[in-house]
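Residue strings, one per chain:
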Amino acid sequence: MDTDDEFLIAAPHRELLDQILDKWSLSVLNELCERPCRFNELRRAIPQVTQKSLTATLRRLERNGVIEREVVSTRPVAVMYRITPLGKTLRHPIDVLLAWASQNMPAIERARGDFDWREEEGAGANGQGPTRAKP
């Protein structure tokens, strides 16, 4: 995937990472790591997600083998979602990414502030950068 000189992510890997590391997938996986949940339990646990987005997220995760869907024969019929053994293997790499984010957040926030300041100031009168010093 990568060497000392380059960092390449092949198309299939990029597609998979896009599907399992997006905003709603991480929230769903966080809930399902704790316990199996019905659809409406997930909706209540993640109130910002729309029904349509949650449905699409669950289908993507199921397609990738990260979660499984079980129809429970109750009245009315219910659907239970649970993380699969394959899905459980995501815990460590996600924890590593979260630890990296926590460790580097001060530097990231400084970089964001610098970028935003440059954007607000524009390119300056002669295109050489901001016209005033950074506060």
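Numbering of residues begins from 1 in every chain and follows the order in which that chain's sequence is written. Thresholds applied to this predicted model are a pLDDT of at least 70 for local features of residues and 80 or more for the giving and counting of side-chain atom pairs; totals over whole chains, interfaces and linings are not thresholded and use all residues. Excluded from the side-chain calculation are hydrogens and water; included are all heavy atoms of the structure.

Colleague: How should I be thinking about the overall build of the protein in this particular structure?
Modeller: Each helix and strand in the protein was counted, giving six helices and three strands. Counting from the N terminus, the helices are DSSP H or I runs at least four residues long and the strands are E runs at least two residues long. Traced from its N-terminal end to its C-terminal end, the protein shows the element sequence α-α-β-α-α-β-β-α-α. Each residue is placed in one exposure class: buried if its accessible area under a 1.4 Å probe, protein chains only, is under 20% of its type's maximum, exposed if it is over 50%, and partly exposed if it falls in between. Here the protein holds 135 residues, and the buried ones make up 23% of them. Taking as baseline every contact in the protein between residues at least 6 positions apart, the subset at least 24 positions apart corresponds to 42%. Every accessible area reported is derived by Shrake-Rupley at a probe size of 1.4 Å, with residue values counting cover from the shown protein chains alone. Accessible area of the protein: about 10000 Å², with a carbon and sulfur share of 53%. Throughout, a contact is declared for two residues whenever any of their heavy atoms are within 4.5 Å.

Colleague: What is the right way to read the confidence of the model for the protein from this model?
Modeller: Fine structural detail should not be taken from predicted coordinates in areas where pLDDT scores are low. pLDDT measures the predictor's confidence residue by residue and takes values from 0 up to 100. On average, the protein scores 87 in pLDDT, and the residues at 70 or more come to 87%. For the protein, helix H1 (residues 11–20) is the element with the lowest average pLDDT, namely 86, and helix H4 (residues 51–63) is the one with the highest, namely 96.

Colleague: What should I look at first to understand the sheet that holds strand S3 (residues 78–83) in this one?
Modeller: For two strands to count as paired, DSSP must find a minimum of two bridges between them. Read across the sheet, three strands follow the order S1-S3-S2 without closing on themselves; strand pairing throughout is antiparallel. In this open sheet, the two strands that pair with only one neighbour each are strand S1 (37–38) and strand S2 (67–72).

Colleague: I keep staring at the packing of helix H2 (residues 23–34) against H4 and nothing clicks. Help me out?
Modeller: Any two packed helices are characterised by how steeply their axes cross, that is the angle between the axes, and by the distance between the axes. One way to put it is that H2 packs onto H4 with a least axis distance of 10 Å and a crossing angle of 75°. By the criterion of interaxial angle, the relationship of H2 to H4 is roughly perpendicular. Between H2, through Trp 24, Ser 25, Val 28 and Leu 29, and H4, the contact on the second element is made entirely by Ser 53, Leu 54, Thr 57, Leu 58, Arg 60 and Leu 61. Between N-to-C directions, angles span 0 to 180 degrees; the directions come from axes that are lines fitted to C-alpha atoms, helices contributing only their stretch in contact. Note on terminology: angles under 35 degrees are roughly parallel, angles over 145 are roughly antiparallel, angles of 65 to 115 are roughly perpendicular, and the others are oblique.

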